[in-house]
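# Residue-level structural notes
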Amino acid sequence: MTESQELLWQDPEMPAAVDGSSVPVLVCVLPLGPFDESFCYRADTQLQIGDIVEIPLGLRLLLGVVTEQSPRAALKKLLLRENFQKKARVVWEKYQSDRAFIDMDNAKFDVNIFLHDTVCQNLLKKISRILPFNLGRVCCNFLEWVAAYTLIPRGMVLKMMLSEKTVFRAAKTQAHTEILDQLFHVISAVQPCSTKKSQEDSLKCPHISCRDFRKIELNKAQLVALERIVKNGARPFLLHGVTGSGKTEIYLSILQDILKNQKQILILLPEIAITYQISRRMEEYLGFAPTIWNSSISPKNRRKIWRTVISGDKCVILGARSALFLPFQNLGLIVVDEEHDSSYKQEEHGFYHARDMAIVLGALAQIPVLLASATPSIESYSNACSGKYGYALVENRFGSAQFPSLELIDMHQNKPDTNYLQKNKENKSYEFISQKLLSAIKDTIAKQEQCLIYVNRRGYSPITLCKLCGEKISCPNCTSWMVYHKNHGRIICHHCGHNIKIPHNCLYCKAPDSYVQLGCGVERIYDELQKKLPTARIQIASSDTISSDKKFTELYHRIQKGEIDIVIGTQILSKGHHFPNITLVGIIDGDCGLYVADFRSSEKVYQLINQVAGRAGRADKPGKILIQTLSVNHSIYDALRSGDMKKFLNLEMISRQENNLPPFSRSASIIISGTNVQLTEEVARKIAKIAPEKVKLMGPAPATLFMLRGRARWRILLSSQKHINLSELIRQWIGKQKTPKNVKIQIDIDPINFS
């Protein structure tokens, strides 16, 4: 037994059984699922905190983990339940004659009697099965911390940690697994795997040899940053390096030293789409491919990876935010690449920010956490300025690569054709690409170089409108317009998936063939470029066309081989990709997202444009950025033209501090949703009425997306001083509320989305 695997509670005064038989022990088990409390069970053997067990709960068998909550306290809760008291009446009567076994009012009882008496023992359910896995002290503490801070039920956090439930099937004991693995290797040696899938499975957890490491050559600025990271010790560190500065090479140098110490490493990425390129670069320097963890890998490989991680074996996990909840036993380093990215925020089945939780996991494991970004978040930059995080800035691109030039195209002076109503009469199509951008695209292709055209919208157009009555087609389940996807021939809601064909007659005024499409998405820009540049090789890159690692890898190779002249992409191409021959980046709508009701809007737009612009001129050829905008005098563009990222960050921090906004205050969002609109509003107003005085409350008000998947949504925004434990305050406040079954309350600590 290690120091981190302590024995559970055992009453020091418990006498031995008279007949010499073993006396059951009481343990507390947290079940997997929507549970926030542990339950009391009996076991025939001592268990350790973190042991994974199978327990009966109601009519089901559930996985659970043994917790350090006092069994005495859990048993007291159990005894006070009315249904339990009815079952145990015979026990109360048996012991009340000679000693006070139960006091109904004060819940006094003698645990020793409960442990020794056969009738009492049978009133407690017994653990069904003890599995050969232990989460370990760090994972258990991480579970408790995440649940306490985010207010996600503890059992749901456990569900994320035990995501591979097939590992725990009855036949999958540790011994059985080892035998099967040995048999698999023997068979593989005699008869090579006949399918591509089985070959892939056998390579997912590679043997790591430090002898295969390739020396990484760093320039002076990279060496300075590396030295600062090493001296920073087991603390968070913000690596702020401009796009193309070689941040990946810096943290790969650290990886090599960590692996020599037989440690596990976790690298978090915001998008599956950038996994291939990072993996390829890591393999080049480390001599092996990292183990990938995301939703696209097979169940068999997920089981294998989960067992590798919990065994404490040396490994490098490259994964999405869910990889944070793998049961690491020997973690030596966490890297959060593109730490500013909003994709790290989980907003389904519980709200948490993977970057922030990675900081917590690093503190609990006492290991360094490296945050890397070309455009760091205000929160991380503020922590670096205050000295809470270490900090290094790499200001220049690696090697001979230079920053691309940036030019704004004033769309007041470069207006495309906007004559909607004359479309059918004059056979005109609506245009979105200015003549200046089109000329730049032609010149780039003529030099046999490549272009990236950025459009932050999927589909063909975001709005379908009747040109006679002006009504737009909206989703019946959500408060949103439906998006026309020309490639599918349907209009689709991007929130709930509801989709229909465009009606022949207007749904409101019944006019025939009256619908027109407003605004543009990637498909519309594709059509426009095809008409104007018929010989150009054009490809769309969005989540609709790149749905897997395989498809992105194919696209990546086509771009690298020069088989594509123009890539029209959404945010999927804005992060971390290295395309040496892309020298022109055109941004169709630089103002998209700039004027929304979100105090982070300037920060988000600046980060996005900076990241997209960073795809140009990453090799020897100079790059150029053209941004179409109606706001040429906006402060964001001044900052982009000057290249002074620190100035922009400092101005944003001053603005946040003056207005008492995060990171200089704490915030939370409470979303009340239900199928009954009136009842949902009543619950929201009732909750707001008894809000604690320590918080500033805004609302309740209808959410921006008032209807989402058929549920009405009301939102309450909270703000408090930094020293206040906002999570605990909300727990005590909301915990008192009894809500109808069809009304759901969700709590988002540190929200970044206010829709």
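Note: the structure precedes this text.
Report on the accompanying structure. (Residues numbered from 1 in each chain as written. Predicted model: local features only at pLDDT ≥ 70, side-chain atom pairs only at ≥ 80, totals over all residues. Heavy atoms only, no water.)

## A word on the overall build of the chain
Stated precisely, the cut-off is as follows: Segments assigned H or I by DSSP are reported as helices when at least four residues long, segments assigned E as strands when at least two residues long, and all are numbered from the N terminus. For every residue, the accessible area (1.4 Å probe, protein chains only) is compared with the maximum for its type, and the residue is labelled buried under 20%, exposed over 50%, or partly exposed between those bounds. Only heavy atoms matter for contacts: two residues are in contact if any of them lie within 4.5 Å across the pair. Here the accessible surface of atoms and residues is derived via Shrake-Rupley with a 1.4 Å probe, and residues count as covered only by protein chains that are part of the display.
In terms of regular secondary structure, the chain is built from 24 helices and 29 strands. Looking at the 755 residues of the chain, the share that counts as buried comes to 54%. Taking the intrachain contacts of the chain between residues at least 6 apart in sequence as the baseline, contacts between residues at least 24 apart amount to 74%. Accessible surface, the chain: about 35200 Å² in total, of which carbon and sulfur atoms supply 51%.

## Focus on the pattern of salt bridges
Under the convention used in this document: Any carboxyl oxygen of Asp or Glu within 4 Å of a side-chain nitrogen of Lys or Arg constitutes a salt bridge here.
Scanning the entire structure with this criterion turns up 27 salt bridges. Residue Glu144 pairs with Arg154 through a salt bridge whose shortest N-O separation is 2.8 Å. One end of the pair, Glu144, is in helix α6 (residues 136-150); the other, Arg154, is in helix α7 (residues 154-161), with ten residues separating them in the sequence. Owing to a relative accessible area of 10%, Arg154 belongs among the buried residues under this scheme. Across the pair Arg641 and Asp638 runs a salt bridge, and its minimum N-O distance is 2.9 Å. With Arg641 and Asp638 both in helix α21 (residues 635-642) and three residues apart, this pair spans about one turn of that helix. Assessed through its relative accessible area of 40%, Asp638 is described here as partly exposed. A single network of salt bridges, built from pairs that share partners, joins Asp36, Glu728 and Arg731.

## Looking at the sheet that holds strand β6 (residues 236-241)
Short version of the rule: Two strands make a pair as long as DSSP finds a minimum of two bridges between them. Convention adopted: a line fitted to C-alpha atoms gives each axis, helices being fitted over their contacting stretch, and angles between N-to-C directions are expressed from 0 to 180 degrees.
If you walk across this open sheet you meet the seven strands as β8-β9-β7-β10-β13-β6-β14, and the pairing is parallel. Either end of the sheet is taken by a strand with one partner, and the two such strands are β8 (291-293) and β14 (390-394). Sheet twist, expressed as the mean angle between neighbouring strand axes with direction ignored, is 20°. Two elements, β6 and strand β13 (residues 369-373), share five bridges in a ladder whose sense is parallel. Looking at the pairing, Leu238 lines up with Leu371 of β13. Helix α13 (residues 299-311) rests against β7 (264-268), β8 and β9 (315-319) of the sheet, and its axis sits at about 110° to β8.

## Digging into the nonpolar core
Note the threshold: What we call a nonpolar core is a set of buried Ala, Val, Leu, Ile, Met, Phe, Trp, Tyr and Cys residues that are connected through their side-chain atoms within 4.5 Å.
Formed by 117 residues in total, the largest nonpolar core has its most connected members in Ile317, Leu324 and Ile730. In terms of residue count, α6 provides more of this core than any other element does, seven residues in total. Not counting chain neighbours up to four residues away, the residues in contact with Ile317 comprise Ile265, Leu266, Ile267, Thr291, Trp293, Ile305, Val309, Ala323, Leu326 and Phe328. Grouped together as the second largest cluster of nonpolar side chains are 33 residues, Leu255, Ile265, Ile274 and Val335 included.

## Details of the pairing of strand β10 (residues 331-337)
Counting buried residues in β10 gives seven out of seven residues, a clear majority hidden from the surface. Two elements, β7 and β10, share five bridges in a ladder whose sense is parallel. Residue Leu268 lies in a different strand from β10, and its bridge partner there is Val336. Examined bridge by bridge, β10 and β13 share four bridges and lie parallel to one another.

## Remarks on the pairing of strand β17 (residues 463-466)
Side chains Ile463 and Leu465 project from β17 onto one buried face, and the interleaved Thr464 and Cys466 project onto a second face that is buried too. Here β17 pairs with strand β21 (residues 515-518) via four bridges, running antiparallel. Among the inter-strand pairings, Thr464 is bridged to a residue of β21, identified as Gln517.

## Remarks on the packing of helix α10 (residues 220-232) against helix α11 (residues 247-260)
Cut-off, in case you're wondering: The labels follow the angle: roughly parallel below 35 degrees, roughly antiparallel above 145, roughly perpendicular from 65 to 115, and oblique for the rest. A crossing counts as left-handed when the near helix is turned anticlockwise from the far one by less than a right angle, and as right-handed when that turn is clockwise.
In contact at an axis separation of 10 Å, α10 and α11 are set at 45° when each is read in the N-to-C sense. With respect to their mutual orientation, α10 and α11 come out oblique. As α10 packs across α11, the resulting crossing turns out to be right-handed. Where α10 approaches α11, its residues Gln222, Ala225, Leu226 and Ile229 are matched on the opposing element by Glu249, Ile250, Ser253 and Ile254.

## Some thoughts on the packing of aromatic side chains
Just so we agree on the cut-off: Paired rings are identified among Phe, Tyr and Trp, the last through its six-membered ring, by centres lying within 6.5 Å, and are further divided according to the angle between planes into stacked (under 30 degrees), edge-to-face (over 60) and tilted (the rest).
In the structure shown here, the tally under the stated rule is 13 aromatic pairs. Arranged with centres 6.1 Å apart and planes meeting at 55°, the rings of Phe599 and Phe754 form a pair that is tilted. Residue Phe599 is found in the loop between β24 (582-587) and α20 (601-613), and its partner Phe754 is found in the segment after β29 (743-749); the two are separated by 155 residues along the sequence. With a centroid separation of 6.1 Å and an interplanar angle of 85°, the aromatic rings of Phe706 and Trp714 are classed as edge-to-face.

## Looking at the packing of α6 against α7
Between α6 and α7, the shortest axis-to-axis distance is 9 Å and the interhelical angle comes to 135°. One way to sum up the angle between α6 and α7 is to call them oblique. Read as a crossing pair, α6 and α7 show a hand that is right-handed. Here Cys139, Phe142, Leu143, Glu144, Val146 and Ala147 of α6 lie close against α7, whose contacting residues are Arg154, Val157, Leu158 and Met161.

## Some remarks on the environment of Glu144
A relative accessible area of 31% places Glu144 in the partly exposed class. Taking the C-alpha atoms as reference points, Glu144 and Arg154, separated by ten residues in sequence, lie 6.8 Å from one another.

## Re the sheet that holds strand β28 (residues 711-720)
Strand pairing in a sheet relies on backbone hydrogen bonds. The paired strands run either parallel or antiparallel. Ordered in space as β27-β28-β26-β29, the four strands form an open sheet in which the pairing is antiparallel. Since the sheet does not close on itself, it has two edges, and those belong to β27 (696-708) and β29, each with one partner. Averaged over all neighbouring strand pairs, the angle between strand axes comes to 20°, with direction disregarded. The pairing of β27 with β28 spans seven bridges and is antiparallel. Residue Leu708 lies in a different strand from β28, and its bridge partner there is Arg711. Across the face of the sheet, helix α23 (residues 677-689) comes into contact with β26 (666-674), β27, β28 and β29 while running at roughly 15° to β28. Helix α24 (residues 726-735) rests against β26, β27, β28 and β29 of the sheet, and its axis sits at about 30° to β26.

## Remarks on the side chain of Ser245
Our working rule: Think of a polar contact as two N or O atoms within 3.5 Å of one another; within protein, one of them needs to be a possible hydrogen donor and the other a possible acceptor, and neighboring residues in sequence only count if both atoms come from side chains.
Tracing the backbone shows Ser245 in the loop between β6 and α11. On the basis of relative accessible area, Ser245 is assigned to the buried category, the value being 1%. Among the polar contacts made by the side chain of Ser245, one reaches the main-chain carbonyl oxygen of Val242 at a distance of 2.7 Å.

## Observations regarding the side chain of Gln737
Within the fold, Gln737 resides in the loop between α24 and β29. Given the relative accessible area of 15%, Gln737 is considered buried. Not counting the four nearest positions on each side in its chain, Gln737 is found in contact with Lys686, Ile687 and Ile690.

## Some words on unusual backbone geometry
Going from Pro662 to Pro663, the amide bond is cis rather than trans, its omega being 10°. Residue placement: Pro663 occurs in the loop between α22 (645-658) and β26. Look at the link from Gly699 to Pro700: it is a cis peptide, with omega at 5°. Within the fold, Pro700 resides in strand β27. With a phi close to 60°, Gln366 is a non-glycine residue in the positive phi region. Structurally, the position occupied by Gln366 is in the loop between α14 (354-365) and β13. With a phi angle near 55°, Arg709 is a residue other than glycine that sits in the positive phi range. With respect to the helices and strands, Arg709 occurs in the loop between β27 and β28. Relative accessible area serves as the criterion here: at 46%, Arg709 is assigned to the partly exposed category.

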